[in-house]
Structures are given as C-alpha cells and as structure tokens.
Amino acid sequence: MPGSFVRTFAMLLAGCLVGFLIGTCTGKGALAEEPPARQLPRFDLLQYRDEGGQRHPVKSEADWQRRRSSVLQAMSSVMGAFDAERRRCPLDMQLVETVDCGSYQRQLIRYQSEPGCDVPAYLCVPKTALGPAGRVAPAVLCLHPTDLQHGHQVVVGIAGRPNRQYAAELAQRGFVTLSPSYPLMADYQPDLENLGWQSGTAKAIWDNRRGLDLLESLPFVRGNRFAAIGHSLGGHNAVYTACFDQRIAVIVSSCGLDCYVDYYDGDAERWRPGHGWCQQRYMPQMAAYQNRLQEIPFDFPELIGALAPRRTLIIAPKHDTNFRAASVDRIAAAARDVYRLLGVPDRLQVLHPDCDHDFPEAMRERAYRLIEETLAPDAPDPE
C-alpha cells in the first residue's frame, strides 16, 4: 500500500511538472489546457467532417473548403488566434535609412503591425518605380532564415551566409521587396506575452500580413497579388502566412518543411519545451505532443493543400538534415490530390537539388522565373 501511494504521488508530481513546463513555455503560469487532437488523416486530404462529426469524402471544391477551414482552425488552436479587430491599427511607416544600391534603393523602415509594436523591415524599390514618372512594380514578401545576429539583413545581402540574398536579387530584377524581421531575432524583440501572443509563429504571420497591407498602400506597387519566398525559417513562415492570406498568389519554400511526425525522425528530445518547434519564437504549445506526434491536429500535407490552387514551389535538397526530402515527397503526394481536385495538378512543384540545407543559385533562378510568370501583368488570377 505505501509503495502504491508513493508511485501514485510520483505520477501526479510528474504530471504537474510537465504541465508547469508547458504552461511556462506558452507564457502561462498555470497548467495548460488539454491540447486538441487530430480528427482526420494527415495524408488523406479528401475527407472532411460535417457539423455532427461524421466523415464524408471530398468530392467538390465546396467540400474541400470545409476541410480547409478545419485546418486553419486547428492551426489557430495551437498557434493562437490573431484577434485582427483589436490589433489592426494605422501602419505609421517610418523611414530610418536609405541606401543607393545601383538599380534600386534599399530603405530601412519600421511599420506598426499592432498598437505598441513597430516591425523593422527592409523595403527595396527599383529606381524605375521611383519618382512621378515611375512605373508600378509587382511586389514580393521576402522572409529570412534563422539568424539570431543579423535577422532580415541576410536576405538583402548585408550579412549572413551566401545564397540567401533573394530580396536584393529580386529587386535587381524589378520587384519591390519587403523583408520584415522575424520576432525574437536580432534587433526585433517584441514582448509576446504582454502583447497577448501565444506563439512567435502567429505573431510573425500577423506582422507579414500587415506587411502586405503596407505594400498595398504604396503607390509604386502593382495590384494586390504578391509572392512570398523564404529559406528555412522563411520557408515555413511563407507557407504559414499564405495559408491565412489569399493575396499571396505564389509561394516558394526552400528547405522549410517536412512532416512534424518526420521531424528528426520523431526524436522525442526535439519536442521538449524550448526545443525544435516548441521554442517561444515558434509554437511552444507543440511540446504538449512530445510523445504523441500523430495527434498534432495539423501538418504540412494539409498546409500545402491549403495553398491550392495557387502556384507553390517547394525546394527540398537531397542532403538536407533539417528537413527530410523523402518526407516532402509524401507531403506533395497528399497535397497534389487537392490540386488535382481543383484542376491544376501542375501548380505544385517539388525540386530536389543535390546539396545540403542551402538555396543554390539554380534553384533561386527557378523561383524567380515562377514569380515573374505568376505576377506578370497579363497572368491569369490563380484563384
């Protein structure tokens, strides 16, 4: 009897400790609520549940929209909601610095994404779009990879590793590019808890969407159809943002994803609070799924499916040790069922360069051509 009591007490204590850790990571001091569990298969996207919870096959676009809506709800249940009505405010763009880069101007700016929070960003503007006689230009949201020291400087070519300067290269090709900093990197350190954010991922999505609002407001930007491109962190940041914003007509993700269940082969150590996807700057609540990854209520097959019918290019190098190329193929195979349902199976592309976690020149060139084709003035609306 005493031994049974001790075992029971130890189990309760362990449960409280896990709850405390999860609560601490989510910015809450109390035991976190039981996280939602998966309702439908992650690799079979052609199923949905009705209001009564019954399963049905997806046979039409309307059916798919019901499944898609449930995917966005599942994302918000883990990332946190946006509360757009409360957060939307004047952008109040401020120019901090202007640098002449030859064929374009690089402007360091700040814009207000929500009350009390200014986002640092680089705005690159081709000189052909400047002045009273300037031509309007298409625009690209350029999202940077993980770099705790330099942040968004990497994509404009100021600092960081090579092969990441896609914002500068796109500006040289005539695009307006916006490169906001990611929360909790380099000089952008918003107080997520006081601002009411459950995750850095949701905060980044909101900042990016407000960045698109900013682009729409600029007289030298053409229309309300944009591209989003990113490497690594920027790769999944682009996918997440495009799931919630239909203004993004073409998405390029380099080395940005594999299935959550495949992440580092499901190593449980990667799912501890403060590690991997469970860091504050990503989704702390993911730690609740440490030993039950199959229950995560959304995954990248559904997120890539949610991008349809928009053009999507996923670059998954053969030797990337962060995100597995074979997992990306399984994601694409599942998501292509949705693209096929919508009559555009060729709009989802996957490339496997023979390299490691990198964004080589040949792959960037493919990405730029796809963006040019999609955002050309006479290009059909991908919707």
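Above this text sits the structure in question.
This section reports on the structure supplied with the text. A quick note: this is a predicted structure, and the numbers were derived from the prediction, not measured.

**A few points about the pattern of salt bridges**
Point 1. Taken as a whole and judged by the stated rule, the model has 25 salt bridges.
Point 2. Residue Lys203 is joined to Asp207 by a salt bridge in which the shortest nitrogen-to-oxygen separation is 3.0 Å. With Lys203 and Asp207 both in helix α6 (residues 200-217) and 4 residues apart, this pair spans about one turn of that helix. Both residues of the pair, Lys203 and Asp207, count as buried.

**Thoughts on the packing of helix α2 (residues 61-79) against helix α7 (residues 233-244)**
Point 1. Where α2 meets α7, the axes come as close as 11 Å, and the angle between the chain directions of the two elements is 120 degrees. With respect to their mutual orientation, α2 and α7 come out oblique. Classified by chirality, the crossing of α7 by α2 is left-handed. Of the residues in α7, those touching α2 at Arg68, Leu72, Met75, Ser76 and Met79 are Tyr240, Ala242, Cys243 and Phe244.
Point 2. By residue class, the composition of the contact of α2 with α7 is 7 nonpolar, 1 polar and 1 charged.

**Re the nonpolar core**
Point 1. Counting 85 residues, the largest nonpolar core has Tyr260 and Met286 as the members making the most contacts within it.
Point 2. Val140, Val155, Leu170 and Met363 belong to the second largest nonpolar core, which has 29 residues in total.

**Looking at the packing of aromatic side chains**
Point 1. Under the criterion given, the structure shown has 17 aromatic pairs.
Point 2. The interplanar angle of 85 degrees and the centroid separation of 5.3 Å between the aromatic rings of Tyr260 and Trp277 together place this pair among those described as edge-to-face. Here Tyr260, found in the loop between β9 (248-254) and α8 (300-305), pairs with Trp277, found in the loop between β9 and α8; they are 17 residues apart in sequence, far enough to count as distant. For the pair Tyr260 and Trp277, one class covers both residues: buried.
Point 3. Each member of the aromatic cluster is reached from another via a ring pair, and the members are Tyr182, Tyr240, Tyr260, Tyr263, Tyr264, Trp271, Trp277, Tyr282, Phe298, Phe300 and Phe323.
Point 4. The ring of Trp197 carries Arg87 above its face, with NZ or CZ at 3.7 Å from the centroid.
Point 5. Here the guanidinium or amino end of Arg270 rests over the ring plane of Tyr264, the centre of that ring lying 3.6 Å away.

**Here's the deal with the pairing of β9**
Moving residue by residue along a regular strand, the side chains alternate between the two faces of the sheet.
Point 1. β9 sits mainly inside the fold: 7 of its 7 residues count as buried.
Point 2. Note that strand β8 (residues 226-231) and β9 share 6 bridges and pair parallel. Bridge pairing in β9 links His231 to Ser254.
Point 3. Of the crossover connections in this fold, the one passing from β8 over α7 to the parallel β9 is right-handed.
Point 4. Summarising the sheet, β9 and strand β10 (residues 311-315) pair through 5 bridges and their orientation is parallel. Each bridged residue has a counterpart across the sheet, and for Val250 the counterpart in β10 is Arg311.

**With respect to the sheet that holds β8**
Point 1. Strand order across the open sheet formed by 9 strands is β3-β4-β5-β7-β6-β8-β9-β10-β11, with mixed pairing between neighbours. Since the sheet does not close on itself, it has two edges, and those belong to β3 (94-100) and β11 (348-351), each with one partner. Within the sheet, the average angular offset between the axes of one strand and its neighbour, ignoring direction, is 20 degrees.
Point 2. Examined bridge by bridge, strand β6 (residues 139-143) and strand β7 (residues 176-180) share 3 bridges and lie parallel to one another. Within the sheet, the bridge partner assigned to Leu141 lies in β7 and is Leu178.
Point 3. Packing of α7 onto the sheet brings it into contact with β6, β8 and β9, and relative to β9 it is tilted by some 155 degrees.
Point 4. Here helix α9 (residues 325-341) sits on the sheet in contact with β10 and β11, set at roughly 165 degrees to β11.

**Brief notes about α9**
Point 1. Between its terminal C-alpha atoms α9 stretches 25 Å, which fits the 24 Å expected from 17 residues at 1.5 Å a residue.
Point 2. Of all the bends in α9, the greatest, near 25 degrees, is centred on Ala335.
Point 3. Regarding α9, the residues found buried are Ala325, Ser327, Val328, Ile331, Ala332, Ala334, Ala335, Val338 and Tyr339.
Point 4. Residues of α9 that are buried make contact with α2, α8, β10 and β11.
Point 5. Once α9 finishes, Gly343 follows within two positions and takes phi at roughly 80 degrees, a positive value.

**With respect to unusual backbone geometry**
Point 1. With omega at 5 degrees, the peptide bond leading from Ala308 into Pro309 counts as cis.
Point 2. With respect to the helices and strands, the residue Pro309 is situated in the loop between α8 and β10.
Point 3. With phi around 70 degrees, Asn163 is a residue other than glycine that occupies positive phi space.
Point 4. Within the secondary structure, Asn163 sits in the loop between β6 and α4 (166-172).
Point 5. Even without glycine at this site, Asp265 takes up a positive phi of about 60 degrees.

Rules behind the numbers
Along each chain, the written sequence defines residue order, and numbers are assigned to residues from 1. Reporting of local features is limited, given that this is a predicted model, to residues whose pLDDT is at least 70; pairs of side-chain atoms are given and counted only at 80 or more, and all residues count toward the totals for whole chains, interfaces and linings. As a convention, hydrogens and water are excluded, and side-chain values are obtained from all of the structure's heavy atoms. When a carboxyl oxygen of Asp or Glu is within 4 Å of a side-chain nitrogen of Lys or Arg, the pair counts as a salt bridge. Only DSSP runs of H or I reaching four residues or more are called helices, and only runs of E reaching two or more are called strands; each is numbered from the N terminus. Buried residues are those whose accessible area, probed at 1.4 Å on protein chains only, stays under 20% of the maximum for their type, while exposed residues exceed 50% and partly exposed ones sit between those limits. Axis definition: a line fitted to C-alpha atoms, over the contacting stretch in the case of helices. Angles run 0 to 180 degrees between N-to-C directions. Orientation labels follow simple angle bins: below 35 degrees gives roughly parallel, above 145 gives roughly antiparallel, 65 to 115 gives roughly perpendicular, and whatever is left gives oblique. Note on convention: the crossing is left-handed when the near helix lies turned anticlockwise from the far helix by less than a right angle, right-handed when the turn is clockwise. When checking whether two residues touch, look at their non-hydrogen atoms; a contact exists if any pair is within 4.5 Å. For this classification, Asp, Glu, Lys and Arg are treated as charged, while Ala, Val, Leu, Ile, Met, Phe, Trp, Tyr, Cys and Pro are nonpolar and the rest, including Gly, are polar. For the purposes of this section, nonpolar cores are sets of buried Ala, Val, Leu, Ile, Met, Phe, Trp, Tyr and Cys residues that join through side-chain atoms within 4.5 Å. Centre distance within 6.5 Å is the pairing criterion for rings of Phe, Tyr and Trp, where only the six-membered ring of Trp is used; planes under 30 degrees apart are then read as stacked, over 60 as edge-to-face, and the remainder as tilted. The rule for a charge over a ring is simple: NZ of Lys or CZ of Arg within 6 Å of the ring centre, and within 35 degrees of the ring normal. The pairing criterion is simple: DSSP has to find at least two bridges between the two strands. With the strands pointing away from the viewer, any crossover whose connection runs clockwise from the first strand over the helix to the second is right-handed. Take the number of residues in a helix, subtract one, and multiply by 1.5 Å to get its expected span. By definition, a residue's bend is the angle between the axes fitted to the seven residues ending there and the seven starting there.

Purely geometric stuff here, so don't read any function into it on its own.
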